[in-house]
Amino acid sequence: MTQAFLELSFITKTFATTRGSFVALKDVALKVREGEFVAILGHSGCGKSTLLNIVAGLSDATEGGVILEGKHVDEPGPDRMMVFQNYALLPWLTAFENVYLGVKATRPSLSDTERRAIAQQHLELVGLAAKAAKKPQELSGGQKQRVAIARALATRPKVLLLDEPFGALDALTREEMQEEVLKIWEANRTTVLMVTHEIDEAILMADRIVMMTNGPAATIGEVFEVHFPRPRSRSDILEDPAYYTLRNQILAFLYDRFGDPVLAE
Ligand SMILES: Nc1ncnc2c1ncn2[C@@H]1O[C@H](COP(=O)(O)OP(=O)(O)OP(=O)(O)O)[C@@H](O)[C@H]1O
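Rules behind the numbers
- Residues numbered from 1 in each chain as written.
- Predicted model: local features only at pLDDT ≥ 70, side-chain atom pairs only at ≥ 80, totals over all residues.
- Helix = DSSP H or I, 4+ residues; strand = E, 2+ residues; numbered from the N terminus.
- Rg over C-alpha atoms; globule rule 2.2 N^0.38 Å.
- Buried ≥ 20, exposed ≤ 12 C-beta atoms within 10 Å, placed from the backbone.
- Contact = placed C-beta atoms within 7 Å.
- Axes fitted to C-alpha atoms, helices over the stretch in contact; angles between N-to-C directions.
- Parallel < 35°, antiparallel > 145°, perpendicular 65-115°, else oblique.
- Left-handed = near helix turned anticlockwise from the far one by under 90°.
- Nonpolar A, V, L, I, M, F, W, Y, C, P; charged D, E, K, R; others polar.
- Pairing = 2+ DSSP bridges.
- Domains from an automatic or database assignment.
- Core = buried A, V, L, I, M, F, W, Y, C linked by C-beta atoms within 7 Å.

**A word on the overall build of the protein chain**
And then number 1: Scanning the protein chain from N- to C-terminus turns up eight helices and ten strands.
And then number 2: On C-alpha atoms alone, the protein chain measures out to a radius of gyration of 19 Å, which is about the 18 Å that the 2.2 N^0.38 rule sets for 265 residues.
And then number 3: For the protein chain, the spread of C-alpha atoms along the three principal axes comes to 55 × 45 × 40 Å.
And then number 4: Counting over 265 residues, the protein chain shows a buried share of 38%.
And then number 5: In the protein chain, once contacts between residues fewer than 6 apart in sequence are set aside, the share between residues at least 24 apart is 70%.

Structure follows, in structure tokens:
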């Protein structure tokens, strides 16, 4: 690869703590292609969210940094939108207003009519047009996460950052949401970095799975390519012997080489 679309360039992150400095990440280096879907997998506490926060510009790298289309980025910007596990919607606004606010903040050159149309289109994209006037507390967890995803996509980010986006959902809703997000991604091919604890989620969705070693000084231990054809279906993958090989390789990494903390599978 010559110039990467997104490059994590030898990111080291040290936190100052009451007991001295704590090196959470050490020399994390990764090049991501435009339109690629990358999953970041590792044990709890290894530094996945810290890494995503640095890519989002919400936290500074102590050394190294993030390069997007050849430019260093170290502050939040509309080119990188994050979706959090706990949705982070504004509770006093409706579903529509939450999405609209994101569009208004990031696309000032558009007319208000255009912004409203974009907000509406993105609520439709996630199947929530009928709930546009509902406030977050009137929505289910899956519906709230749909609004958060619509809000992130409506700003047309270059990179979508998903921090355990389905972590708060029940198993069935989680599977539905994985498939929906995959469909949307297959239609748009936004570059995605997704942090997850779930091996099957990473295999279903990602082009590559980046395995983090345990902290302190966590780094990328291995990268697995996921070759299943797209569009993907869970049942096709489960019928493919390559799925079991890949799953076993991931399990071996997590438990034989870096066993210890509990993996929320
Ligand atoms: N502000 C901070 N100050 C000190 N240490 C921190 C801070 N934020 C994170 N850490 C430490 O850095 C390490 C990585 O944390 P992080 O939340 O990134 O892990 P994670 O892999 O996302 O965990 P999980 O999967 O449980 O969400 C942990 O040991 C954590 O205690």
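**Details of the packing of helix H4 (residues 141-154) against helix H5 (residues 171-188)**
To describe two helices that pack against each other, one gives the angle between their axes and the distance between the axes.
And then number 1: Direction vectors running N to C along H4 and H5 enclose 20°, while the axes themselves pass 11 Å from each other. Relative to H5, the element H4 is oriented roughly parallel. Viewed along their axes, H4 and H5 form a crossing whose handedness is right-handed. Contacts from Gly 141, Gly 142, Gln 145, Ile 149 and Leu 153 in H4 reach Thr 173, Glu 176, Met 177, Val 181 and Ile 184 in H5.
And then number 2: Of the residues contributing to the contact of H4 with H5, the split by class is five nonpolar, four polar and one charged.

**Description of the sheet that holds strand S4 (residues 63-68)**
And then number 1: Here four strands make up an open sheet; going across it, the order is S2-S1-S4-S5 and the pairing antiparallel. The outermost strands of the open sheet, each flanked by one partner alone, are strand S2 (20-32) and strand S5 (71-73). Along the sheet, successive strands turn relative to each other by an average axial angle of 35°, direction set aside.
And then number 2: Bridging between strand S1 (residues 6-17) and S2 involves nine bridges; their strand directions are antiparallel. Among the inter-strand pairings, Leu 6 is bridged to a residue of S2, identified as Val 32.

**Quick look at the domain arrangement of the protein chain**
And then number 1: For the protein chain, the assigned domains read domain 1 (1-79 + 158-165 + 177-265) and domain 2 (86-156).
And then number 2: Contact residues are listed per partner, giving seven residues for domain 1 and nine residues for domain 2.
And then number 3: The element best represented in the side of domain 1 that touches domain 2 is H5, accounting for four residues.

**A closer look at the sheet that holds strand S6 (residues 80-83)**
And then number 1: A sheet is described by the order of its strands in space; here six strands give the open sequence S6-S7-S8-S3-S9-S10, paired in mixed fashion. With one partner strand each, in any of the chains shown, S6 and strand S10 (220-225) form the two edges of the open sheet. When the angles between neighbouring strand axes are averaged without regard to direction, this sheet yields 20°.

**Examining the nonpolar core**
And then number 1: In terms of nonpolar packing, the biggest core is built from 72 residues, with Ala 39, Ile 40, Val 99 and Leu 161 touching the most fellow members.
And then number 2: Of all the elements, H4 adds the most residues to this core, at seven residues.
And then number 3: A domain split of this core shows at least three residues from each of domain 1 (1-79 + 158-165 + 177-265) and domain 2 (86-156).

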